[in-house]
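Residues per chain are reported as follows:
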Amino acid sequence: MFCNGQMQIEHIELKNITKRFPGVLACDNINLALKQGEILALLGENGAGKTTLMNILYGLYQPDEGEVIVNGRQTAIDSPQKAGALGIGMVHQHFMLVPNLTVRENVALCMFNDRTFHCDIAYVTETINRICTDHRIKIDPDAYIYELSVGEQQRVELIKALSLGANLLILDEPTAVLTPQETDKLILLLQEMAASGCSIIFISHKLNEVKAVSHHVAVLRGGKLVYNGSTDDHTTNELASLMAGRDINLPVAKEKEPSDKIILDIQNVTAIGDRGTQALNGLSLALRKGEIMGIAGVSGNGQSELAEVINGIRKVQSGRILFDGEDITNRTPQQIIDRRMGYIPADRLHEGTVAGFSVKENMILKDYARPPLAQATFLKDRAICRYANDLVAKFAIKTPSIDTTCASLSGGNIQKVIVAREMNRRPKVLVAVYPTRGLDMGAAEFVHSELLAARDKDETVLLISEELEELINLSDRIAVIYEGKILKIIPAKQAQKSALGLLMAGVQSHG
Amino acid sequence: MGNSRRRLQELTFNVGLTALSLLLALVIGAVLFLIAGANPIKAYGVMFTAPLEDIFGITEIFVRAAPLLLVALGISISFRSGILNIGGEGQILVGAIFGLCIALYAPPMHWSIMMPLIFAASFAGGALWGGIAGWMKAYLNVNEILSTVMLNYVAIQIYSYLIRGPMMDKQEIVYGTGASQTARIAREYWLAKLIPGARMHSGMIIAVVLAVIVFFFLWKTIYGYRMRAVGAEIRASRYAGVNTRWYLLLAMLLAGGFAGLAGAVEVLGVHHRGLESISAGYGFSGIVVALFGGLHPLGAIPASIIFGLLIVGADMMQRAVHVPAYIILAIQGLIILAIVSSNVFITKKGMRAKMVKFLGKATGRK
Ligand SMILES: Nc1ncnc2c1ncn2[C@@H]1O[C@H](COP(=O)(O)OP(=O)(O)OP(=O)(O)O)[C@@H](O)[C@H]1O
Ligand SMILES: [Mg+2]
């Protein structure tokens with residue numbers, strides 16, 4: 001029922017694929033094959049070439065060498081339209097949505113992109129409704145994309161791919177911003193689809209998901225295929241070391257004596273969201289100096305708005321925010337930055353970085369006006385280069401040079417640019433929204449240990465994440481946010497995934 | 001080895017493509033000439049060679065290039081800041097009015113004081129006009145294309161009124177000739193002539209110096225950094241603490257100011273008074289110059305010279321083959337279209353791949 005494409009892809013093969021970008025060999029002579037009904041997991045560190053390889057299969061890039069063979073015949077996939085006609089659908093790592101159109105319009109755009117005049121909106125609505133009920137996805141078709149949280153945007157991307165009835169579905173890090181429940185649902189959905197004859201290629205850095213969903217794994221490293229085989233042959237730990245070439249252990253927070261100094265005090269704050277609804281509804285939260293406070297919640301319950309009001313990007317309607325004893329309610333972002341607040345935003349492409357700027361220019365996004373990076377009004381090129389080079393080395397950012405534009409980095413490496421910039425500023429409080437989103441395990445390990453090191457230096461972190469494991473491992477306390485309010489705060493050591501899951505759904509146990 | 005060969009291929013492709021599209025424009029233009037009853041070969045011969053034949057032609061190119069370059073600098077600043085400023089024409093005129101007011105009505109002063117004053121006034125006038133659109137964009141969210149285009153009309157009407165009414169040359173009324181122009185500016189305030197007998201003045205030197213300054217401003221100062229950030233990604237710059245509204249406004253103040261300077265250069269260097277059609281469309285051609293220069297202040301220097309050549313050549317051609325002025329304008333437009341559109345294919349990789357594919361299909365290969 002999922003695979004109502006014109007043609008069935010029974011066998012697809014990538015043969016000797018090579019792709020170069022200025023200064024990088026992104027794909028190096030890769031051979032890969034997939035049969036109908038199989039789920040292939042594609043693994044690899046940040047910048048290994050996963051997205052590039054998939055973009056070639058989807059017709060967005062042309063390989064420099066090599067060919068794609070569909071059902072035994074060499075086929076030139078020279079545009080996404082061509083890929084669509086073949087029944088190849090793709091959910092991109094960076095969303096391909098038009099922000100000022102509604103969900104319905106975005107789906108229509110993708111379903112009727114080959115027509116000039118014809119667009120049957122009623123049919124689009126029907127399709128959206130069918131997909132949503134079939135797969136128990138919740139979305140408001142009339143909501144504008146810019147009003148949606150990243151998690152919700154992810155759902156729209158999935159609906160778009162499903163609406164075409166793809167019979168080869170490529171998912172590029174679809175679970176990076178999903179809650180565990182949503183991930184479980186997605187995995188179930190993918191298994192159903194595979195059972196009914198759809199092939200799936202699944203990119204993820206989370207190995208337990210890979211274990212749960214895939215039949216085969218392929219591991220890329222530095223553009224080369226280093227492993228290709230059955231998933232069952234390896235444990236998650238073995239897969240991790242295949243990927244990184246070493247063992248990886250995510251660090252866990254050690255118990256720490258709480259300080260009683262309150263560094264960030266949010267008192268009864270209300271704020272309106274992009275959709276015009278009450279996104280924060282009298283939220284109160286107090287962060288102690290030197291702790292990591294986790295925020296757990298289903299995306300769209302006010303997390304992004306909370307981060308924005310703290311950083312002066314969204315107006316507070318009522319209530320107060322005190323930062324180190326000073327009232328920062330409705331101050332400008334610059335004033336709040338000057339008081340040493342750090343912020344890793346959810347949208348890394350449009351908010352956390354200026355995509356068209358070079359890596360170097362993005363590294364100084366908050367410090368360009370300060371010595372030694374600037375003197376009087378002049379930018380000090382030499383100091384800036386040294387600063388950027390240091391950060392690139394320290395955070396192992398994979399880029400041909402610091403003059404490369406951020407837009408051409410791989411997803412995980414863009415994230416690293418933001419994390420490097422914000423952490424290196426040594427903020428008093430760091431608001432970190434999905435800080436390890438899209439990072440490979442090695443990089444996530446590094447960021448986690450940096451966050452813990454910051455905590456041990458008495459810096460404070462507000463950690464907003466969908467990943468319960470990350471929250472439980474790192475936080476001292478976890479606050480559950482639901483409909484714009486903090487429902488409950490629990491010490492992380494006592495937190496259990498199942499109990500947290502219930503709380504996040506708004507169910508408060510009594511007693 | 002492969003790399004340098006590839007680069008050579010690329011270069012041949014780019015040059016070939018530009019030449020091809022230029023040829024196409026000229027062929028279409030030739031049809032227009034034939035309709036108008038002129039010899040296209042002779043006409044084109046004049047257009048491309050006559051301006052370079054003698055010192056007069058060459059100097060005249062720089063007379064045209066100076067205002068074009070100044071406007072293009074302003075356009076580069078505003079476009080880089082994310083504002084599509086189409087209001088150069090109006091900003092030139094208001095700049096000219098402000099400059100004229102000082103030049104004609106301020107008490108006589110030594111030129112070393114007076115000329116900076118005139119330039120400052122013109123800059124302020126243009127900045128005012130650009131600033132209105134910038135303010136409306138930043139604080140009221142009014143589309144800048146709409147406001148700048150409309151402000152052009154307003155400026156044109158005000159300018160015509162002033163040179164026909166309050167600022168009209170008193171002698172024109174006394175003698176009853178009634179030409180719509182202001183009195184002449186005192187000779188010591190004129191821009192210096194660089195070559196005796198030719199119109200070329202020091203305006204181009206000023207413009208080139210300013211181009212270098214604008215380059216440093218945009219890429220080497222924190223203000224330029226902020227403006228480029230606002231233009232490239234407004235959400236990220238707000239996140240980084242930039243006061244985005246103020247920088248949108250500043251971008252338009254500067255853009256208008258530079259167009260205003262073009263007005264001053266025309267007044268002090270060429271016409272020495274305010275008269276009808278003082279701008280000759282520089283406010284619009286300046287946009288093309290800026291785009292052709294890659295929205296880079298230094299790129300705008302050669303771009304303005306190329307377009308200066310185009311304008312002078314067209315003028316000479318008109319005199320040589322006696323065709324209506326409109327046909328000359330049409331040819332100019334065709335050439336600009338050809339250059340700009342081939343430029344799109346050269347700079348945009350995707351467009352280029354499409355075109356190569358199309359050509360491949362058209363020639364029946366692969
Ligand atoms: N459009 C582009 N222009 C230039 N270089 C690019 C471009 N796209 C990717 N690259 C480079 O190719 C390499 C592989 O990138 P790719 O996006 O495929 O990595 P990835 O495996 O998807 O990583 P991640 O897990 O971070 O998403 C990177 O070094 C990147 O810098
Ligand atoms: Mg990727």
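Residues numbered from 1 in each chain as written. Chains lettered and ligands numbered in written order. Predicted model: local features only at pLDDT ≥ 70, side-chain atom pairs only at ≥ 80, totals over all residues. Heavy atoms only, no water.

Considering the interface of chain B and chain A
- In this assembly, 19 residues from chain B lie in contact with 29 residues from chain A.
- In total, chain B and chain A occlude about 2200 Å² of area from one another, counting both sides; carbon and sulfur atoms represent 60% of this.
- Put simply, chain B and chain A have three salt bridges between them.
- Measuring nitrogen to oxygen at the nearest pair gives 3.2 Å for the salt bridge that ties Arg235 of chain B to Asp347 of chain A.
- On inspection of chain B and its partner chain A, the count reaches 13 residue pairs in polar contact (both at pLDDT 80 or more).
- Looking at which element gives the most residues to the side of chain B that touches chain A, the answer is helix H9 (residues 222–232) of chain B, with seven residues. (Contact = heavy atoms within 4.5 Å. Buried area = accessible area lost by both parts, 1.4 Å probe. Salt bridge = Lys/Arg side-chain N within 4 Å of Asp/Glu carboxyl O. Polar contact = N/O pair within 3.5 Å; in protein donor to acceptor, adjacent residues only side chain to side chain. Helix = DSSP H or I, 4+ residues; strand = E, 2+ residues; numbered from the N terminus.)

Some thoughts on the pairing of strand E1 (residues 11–21) of chain A
Residues and elements named next belong to chain A.
- Direction of pairing for E1 relative to strand E2 (residues 24–35): antiparallel, over a ladder of eight bridges. Paired with Arg20 across the two strands is Leu25, which belongs to E2.
- Hairpin connection from E1 to E2: two residues lie between these consecutive antiparallel strands, with Gly23 at a positive phi of about 85°.
- Where E1 and strand E4 (residues 65–70) come together, five bridges link them in antiparallel fashion. Along E4, the bridge assignment pairs Ile12 with Val70. (Pairing = 2+ DSSP bridges.)

Observations regarding the packing of aromatic side chains
- With the rule as written, the count across this model stands at 13 aromatic pairs over all chains.
- An aromatic cluster is built from Phe357 and Tyr368 of chain A together with Tyr225 of chain B, whose rings are joined through pairwise contacts.
- Here the basic side chain of Lys428 of chain A rests over the ring of Phe323 of chain A, its NZ or CZ set 5.9 Å away from the ring centre. (Phe/Tyr/Trp six-rings, centres within 6.5 Å; stacked < 30°, edge-to-face > 60°. Lys NZ or Arg CZ within 6 Å of the ring centre and 35° of its normal.)

Considering the sheet that holds strand E7 (residues 168–172) of chain A
Residues and elements named next belong to chain A.
- With mixed pairing, six strands are arranged side by side in an open sheet as E6-E7-E8-E3-E9-E10. Looking at strand neighbours, the two that pair on one side only are strand E6 (88–91) and strand E10 (224–230), the edges of this open sheet. Taken pair by pair, the neighbouring strands of this sheet meet at an average axis angle of 15°, ignoring direction.
- In this structure, strand E3 (residues 39–44) lies alongside strand E8 (residues 199–203), joined through four bridges in parallel fashion. Across the sheet, residue Ile39 finds its bridge partner in E8, namely Ile200.
- Against the sheet, helix H5 (residues 150–163) engages E6 and E7, with an angle of about 180° to E6. (Axes fitted to C-alpha atoms, helices over the stretch in contact; angles between N-to-C directions.)

What to know about the domain arrangement of chain B
All names here are of chain B.
- By domain assignment, chain B separates into domain 1 (1–38 + 323–366) and domain 2 (63–322).
- A separation of 31 Å is found between the C-alpha centroids of domain 1 and domain 2.
- Taken together, the contact between domain 1 and domain 2 spans 12 residues of the former and 11 residues of the latter.
- Of the roughly 1000 Å² buried at the junction of domain 1 and domain 2 (both faces included), carbon and sulfur atoms supply 79%.
- Considering only the surface of domain 1 that becomes buried against domain 2, Val323, Ile328 and Gln332 emerge as the three largest contributors, covering 42% of it.
- Put simply, domain 1 and domain 2 have zero residue pairs in polar contact (both at pLDDT 80 or more) between them.
- It is helix H14 (residues 325–347) that contributes the most residues to the side of domain 1 that touches domain 2, eight residues altogether.
- The class makeup of the residues in the side of domain 1 that touches domain 2 is 10 nonpolar, two polar and no charged. (Domains from an automatic or database assignment. Nonpolar A, V, L, I, M, F, W, Y, C, P; charged D, E, K, R; others polar.)

Focus on helix H6 (residues 180–195) of chain A
All names here are of chain A.
- If you check H6, its first and last C-alpha atoms are 23 Å apart, about what 16 residues at 1.5 Å a residue would give, namely 22 Å.
- Residues of H6 that are buried: Glu182, Thr183, Leu186, Ile187, Leu189, Leu190, Met193 and Ala194. Take H6 and look down its axis: the buried residues cluster within an arc of 165°, on one side only. Opposite its buried face, H6 presents the exposed residues Asp184 and Ala195, each directed more than 90 degrees away. (Expected span 1.5 Å × (residues − 1). Buried < 20%, exposed > 50% of the residue type's maximum accessible area, 1.4 Å probe, protein only. Arc of directions from axis to C-beta.)

Notes on the coordination of the magnesium ion (ligand 2)
- Protein-derived ligands of the magnesium ion (ligand 2) are Thr51 of chain A (OG1) and Gln93 of chain A (OE1), with the metal-ligand distances lying across 1.9 to 2.1 Å. In this pair, Thr51 of chain A is assigned in helix H1 (residues 50–57) and Gln93 of chain A in the loop between E6 and helix H3 (103–111), connecting sequence segments 42 residues apart. (Donors = N, O, S within 2.8 Å, 3.2 Å for Na, K, Ca; no water.)

Considering the site of ligand 1
Residue and element names in this part refer to chain A.
- Taken together, 21 residues lie near ligand 1, and Gly47, Thr51, Thr52, Ser410 and Gly412 sit nearest.
- The separation between an oxygen atom of ligand 1 and a polar main-chain atom of Gly47 is 2.8 Å.
- Contact between ligand 1 and Gly49: an oxygen atom at 2.9 Å from a main-chain N or O atom of the residue.
- For ligand 1, the accessible surface in isolation is 630 Å², of which the surrounding protein chains cover 90%.
- Of the residues in the shell around ligand 1, the class split is six nonpolar, 12 polar and three charged.
- Residue assignment places the shell around ligand 1 across two domains, with domain 1 (1–87 + 166–248) and domain 3 (262–504) each supplying three or more. (Near = heavy atom within 4 Å. Areas by Shrake-Rupley, 256 points an atom, 1.4 Å probe, with all protein chains shown as cover.)

Things to note about the nonpolar core
Residue and element names in this part refer to chain A.
- The biggest cluster of nonpolar side chains holds 224 residues, and the ones touching the most others in it are Leu264 and Leu285.
- The contact partners of Leu264, leaving out residues within four places of it in the chain, are Leu285, Ala286, Leu287, Ile310, Ile321, Leu322, Phe323, Met341 and Val429.
- Counting 29 residues, the second largest nonpolar core, distinct from the first, contains Ile12, Ala48, Val68 and Met90. (Core = buried A, V, L, I, M, F, W, Y, C linked by side-chain atoms within 4.5 Å.)

Section: the side chain of Asp28 of chain A
Residues and elements named next belong to chain A.
- Following the sequence through the fold, Asp28 ends up in strand E2.
- A polar side-chain atom of Asp28 sits 3.1 Å from a polar atom in the side chain of Lys224.
- Not counting residues within four places of it along the chain, the set of residues in contact with Asp28 comprises Ile17, Thr18, Gly223 and Lys224.

Focus on the confidence of the model for chain B
- Averaged over every residue, the pLDDT of chain B is 88; the share at 70 or more is 93%.
- Listed scores for the predicted complex are pTM 0.89 and ipTM 0.88. (pLDDT = per-residue confidence, 0-100.)

Notes on the sheet that holds strand E13 (residues 292–296) of chain A
Residues and elements named next belong to chain A.
- Taking strand neighbours across the sheet as the criterion, the six strands line up as E16-E19-E20-E13-E21-E22 in an open arrangement whose pairing is mixed. One side of each edge strand has no neighbouring strand; the edge strands of this open sheet are strand E16 (341–344) and strand E22 (485–491). When strand polarity is set aside, the average angle formed by the axes of neighbouring strands in this sheet is 20°.
- As paired strands, strand E19 (residues 429–433) and strand E20 (residues 460–464) are joined by five bridges and run parallel to one another.

Regarding the pattern of salt bridges
- Here the structure, examined in full by the defined rule, presents 34 salt bridges over all chains.
- Arg477 of chain A is the salt-bridge partner of Glu291 of chain A, the closest N and O atoms lying 2.8 Å from each other. Placement of the pair is Glu291 of chain A in the loop between strand E12 (278–288) and E13 and Arg477 of chain A in strand E21 (residues 477–482), with a sequence separation of 186 residues.
- On the basis of relative accessible area, Glu291 of chain A is assigned to the buried category, the value being 6%.
- A salt bridge links Arg273 of chain B to Asp169 of chain B; the nearest nitrogen and oxygen atoms lie 4.0 Å apart. Residue Arg273 of chain B is found in the loop between helix H11 (244–271) and helix H12 (282–292), and its partner Asp169 of chain B is found in the loop between helix H6 (144–164) and helix H7 (170–175); the two are separated by 104 residues along the sequence. The same class applies to Arg273 of chain B as to Asp169 of chain B, namely buried.
- Taken together, the shared-partner salt bridges in this structure form one network comprising Asp338, Asp367, Arg370 and Arg425 of chain A.

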